[in-house]
Amino acid sequence: MTKLATVYGGSGFVGRYIVRRLAKAGYRVRVAVRRPNEAIFVKPYGVVGQVEPVLCNIRNDASVKSVMEGADVVINCVGTFDKGGKNNFDAVQHEGAERIARIAASEGVANLIHLSAIGADVNSETLYGQSKGLGEEGILQHFPSAMILRPSVIFGPEDDFFNRFASMSRLGPVLPVIGAETKFQPVYVDDVAKAAMKGVDGTSGIYELGGPDVNTFRELMQEMLATIRRRRIVLNIPFFVGGIMGTTFDILSAITGGLIKGPVTKDQVRSLKSDSIVTEGAKSFADLGITPTSMEAVLPSYLWRFRPSGQYEAMMESAKNLRAD
C-alpha cells in the first residue's frame with residue numbers, strides 16, 4: 001500500500017522541494033497550507049491525485065489532526081519572520097511546532113521531520129531564535145525520535161536572500177548591508193530536501209546544515225555581484241544604525257497593522273550579530289552521507305535575470321571578443 005506523508009508548509013520555499021522528492025519516491029502527499037488555492041502548483045509534482053494541497057491552520061488542534069490522519073510521515077516546514085499578528089513567532093514556531101509533534105505522537109506517526117534553523121536556542125538573544133529553540137524543545141518532549149534540521153541561510157531559485165539583494169543592486173551604485181563581517185554557510189535548498197528524506201527513511205537526531213563554503217556577508221554580496229555582472233560598493237551599516245532602522249520599521253508596521261513592512265526588523269538586526277555556521281562537533285551533511293552543493297554551481301542558473309542584459313549578457317560578452325574581418 002502506498003505510504004502517505006503530510007507536509008505542513010509544503011508549498012513554501014523548502015517545502016516544495018521536499019514534496020517533489022516525496023512524490024518521486026512514491027509517497028502520496030498532503031500539502032497542508034493556509035491557502036490551498038495558492039498551492040495548486042504542487043499538484044504536477046506527482047501523477048494525478050498523488051499530491052494534494054489541503055487547508056490547515058497549525059494554530060488549531062482539530063485542523064492539524066484532520067490533515068494528519070493516516071499519515072506515515074509528517075514534515076513541518078512552517079516558519080515565519082513576523083513577530084506580530086496571529087501567526088507570530090510563538091504561535092507558529094513554538095506552539096505550532098509542538099502541536100504537530102504532540103498530535104503526531106498520539107496518531108502513531110512513524111517519522112517526524114522538523115525544519116528549524118542554526119541559532120535555535122531557548123536562551124537566544126533574538127525572539128526568532130528563542131521561538132525556534134522552544135519549538136525544538138516541545139517537539140523532542142512529545143516525539144523524541146524526531147529529526148530536526150538546522151540550516152544556515154538557504155539559497156535556490158525561489159530564495160529571498162540572493163534574489164532580494166540582486167534586485168536591490170539595480171537601484172544604484174551602493175549596496176547597503178548590516179553586519180558585513182557576519183559569517184554564513186549558505187546551503188542549497190534541494191540539499192536540505194535530501195536531508196529531510198533521510199528522516200523519512202527513519203534517521204533521527206539534530207543536524208546542522210551548511211554548504212561547502214563559509215563566507216562573510218560582504219563576500220556573499222561580492223559573489224552575487226560577480227554572478228550578475230554588476231559593480232557595486234558593498235556598504236556596511238553599523239549595528240547601532242541598523243538597530244535604529246529596525247526599531248523605526250517595527251513601529252511603522254505596528255501603526256499600520258502590518259500593512260507596511262520595512263526591509264529589516266530590530267530582531268533581524270540583532271540576529272545578524274551572530275554567525276550562522278555549522279557548530280564544531282555538530283552532526284551535519286557528512287553524517288547523512290550527503291555532499292553539499294556549492295553556490296557557484298547554482299547561482300548563475302537563476303540570478304542571470306539580474307544581469308544588465310539578462311539572458312543575453314553572456315552572448316554580448318562573447319560578441320565583444322569577436323574581431324571584424
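Further up the page is the structure itself.
Note that the structure is predicted; figures quoted are calculated from it, not measured.

About the criteria used
Residues numbered from 1 in each chain as written. Predicted model: local features only at pLDDT ≥ 70, side-chain atom pairs only at ≥ 80, totals over all residues. Heavy atoms only, no water. Salt bridge = Lys/Arg side-chain N within 4 Å of Asp/Glu carboxyl O. Helix = DSSP H or I, 4+ residues; strand = E, 2+ residues; numbered from the N terminus. Buried < 20%, exposed > 50% of the residue type's maximum accessible area, 1.4 Å probe, protein only. Core = buried A, V, L, I, M, F, W, Y, C linked by side-chain atoms within 4.5 Å. Contact = heavy atoms within 4.5 Å. Pairing = 2+ DSSP bridges. Patch = residues over 30% accessible without salt bridge, like charges linked within 9 Å, V, L, I, M, F, W, Y side chains within 5 Å. Areas by Shrake-Rupley, 256 points an atom, 1.4 Å probe, with all protein chains shown as cover. Lys, Arg positive; Asp, Glu negative; His and termini not counted. Charge placed at Lys NZ, Arg CZ, Asp CG, Glu CD. Axes fitted to C-alpha atoms, helices over the stretch in contact; angles between N-to-C directions. Parallel < 35°, antiparallel > 145°, perpendicular 65-115°, else oblique. Left-handed = near helix turned anticlockwise from the far one by under 90°. Nonpolar A, V, L, I, M, F, W, Y, C, P; charged D, E, K, R; others polar. Phe/Tyr/Trp six-rings, centres within 6.5 Å; stacked < 30°, edge-to-face > 60°. Lys NZ or Arg CZ within 6 Å of the ring centre and 35° of its normal.

This part covers the pattern of salt bridges. Scanning the model with the defined rule gives 12 salt bridges in all. With a shortest N-O distance of 2.7 Å, Arg-150 and Glu-136 are connected by a salt bridge. Taken as a pair, Arg-150 in strand S6 (residues 147-151) and Glu-136 in helix H4 (residues 127-142) lie far apart in primary sequence, 14 residues in all. By the burial criterion, Arg-150 is buried, and Glu-136 matches it. Arg-218 is the salt-bridge partner of Glu-181, the closest N and O atoms lying 3.1 Å from each other. With Glu-181 in the loop between strand S8 (174-178) and strand S9 (183-184) and Arg-218 in helix H7 (residues 217-227), this residue pair connects regions lying 37 residues apart in the sequence. The network of salt bridges with shared partners includes Asp-61, Arg-99 and Arg-102.

This part covers the nonpolar core. If you look at the biggest cluster of nonpolar residues, it comprises 66 residues, and the most contacted ones within it are Leu-22, Leu-149, Phe-162, Met-221 and Met-224. At 7 residues, the largest contribution of residues to this core is made by helix H6 (residues 189-200). Excluding residues within four positions of it along the chain, Phe-162 makes contact with Phe-155, Leu-220, Met-221, Met-224, Met-295, Leu-299, Tyr-302 and Leu-303. By size, the runner-up hydrophobic cluster in this structure holds 22 residues, among which are Met-68, Val-92, Ala-101 and Val-109.

Further remarks concern the pairing of strand S11 (residues 205-209). Here S11 lies mainly inside the structure; 4 of its 5 residues are buried. Strand direction decides the pairing type here: S6 and S11, joined by 5 bridges, are parallel. Residue Arg-150 lies in a different strand from S11, and its bridge partner there is Glu-208.

Here we come to a positive patch on the surface. Positive charge collects at one region of the surface, where Arg-34, Arg-35, Arg-59 and Lys-86 lie side by side. As for its placement among the helices and strands, Arg-59 is situated in the loop between strand S3 (51-55) and helix H2 (61-66). Relative accessible area serves as the criterion here: at 31%, Arg-59 is assigned to the partly exposed category.

Take the sheet that holds S6 next. Strand order in the open sheet made by the 7 strands is S3-S2-S1-S4-S5-S6-S11, with parallel pairing throughout. Edge positions in the sheet fall to S3 and S11, since each has one partner strand and no second. The sheet shows a mean angle of 20 degrees between the axes of neighbouring strands, taken without regard to direction. With 5 bridges joining them, strand S2 (residues 28-33) and S3 adopt parallel strand pairing. Opposite Val-31, over in S3, you have Pro-53 as the bridge partner. Strands in contact with helix H1 (residues 15-24) are strand S1 (4-8), S2, S3 and strand S4 (73-76); relative to S2, the strand with the most contacts, it is inclined by about 160 degrees.

Bringing the packing of H1 against H6 into the picture now. Contact geometry for H1 and H6: axes closest at 9 Å, N-to-C directions at 50 degrees. Relative to H6, H1 is oriented oblique. Relative to H6, H1 is oriented so that their crossing is right-handed. Packed against H1, whose contacting residues are Tyr-17, Ile-18, Arg-21 and Leu-22, the element H6 presents Val-189, Asp-190, Ala-193, Lys-194, Ala-196, Met-197 and Val-200 at the interface. In the contact of H1 with H6, the residues fall into 8 nonpolar, no polar and 3 charged.

Here we take up the packing of aromatic side chains. Counted under the stated rule, the structure contains 11 aromatic pairs. Judged by centre distance (5.4 Å) and plane angle (10 degrees), the ring pair of Phe-81 and Tyr-128 falls under stacked. Of the two residues, Phe-81 is situated in the loop between S4 and helix H3 (89-106) and Tyr-128 in helix H4; the sequence distance between them amounts to 47 residues. Residue classification places Phe-81 among the exposed positions, given a relative accessible area of 56%. A connected cluster of aromatic rings, assembled from ring pairs, spans Phe-155, Phe-161, Phe-162, Phe-165, Phe-184, Tyr-188 and Phe-217. For the cation-ring pair, Arg-20 lies above Tyr-17, with the distance from its terminal atom to the ring centre recorded as 5.1 Å. For the cation-ring pair, Arg-20 lies above Tyr-45, with the distance from its terminal atom to the ring centre recorded as 4.4 Å.

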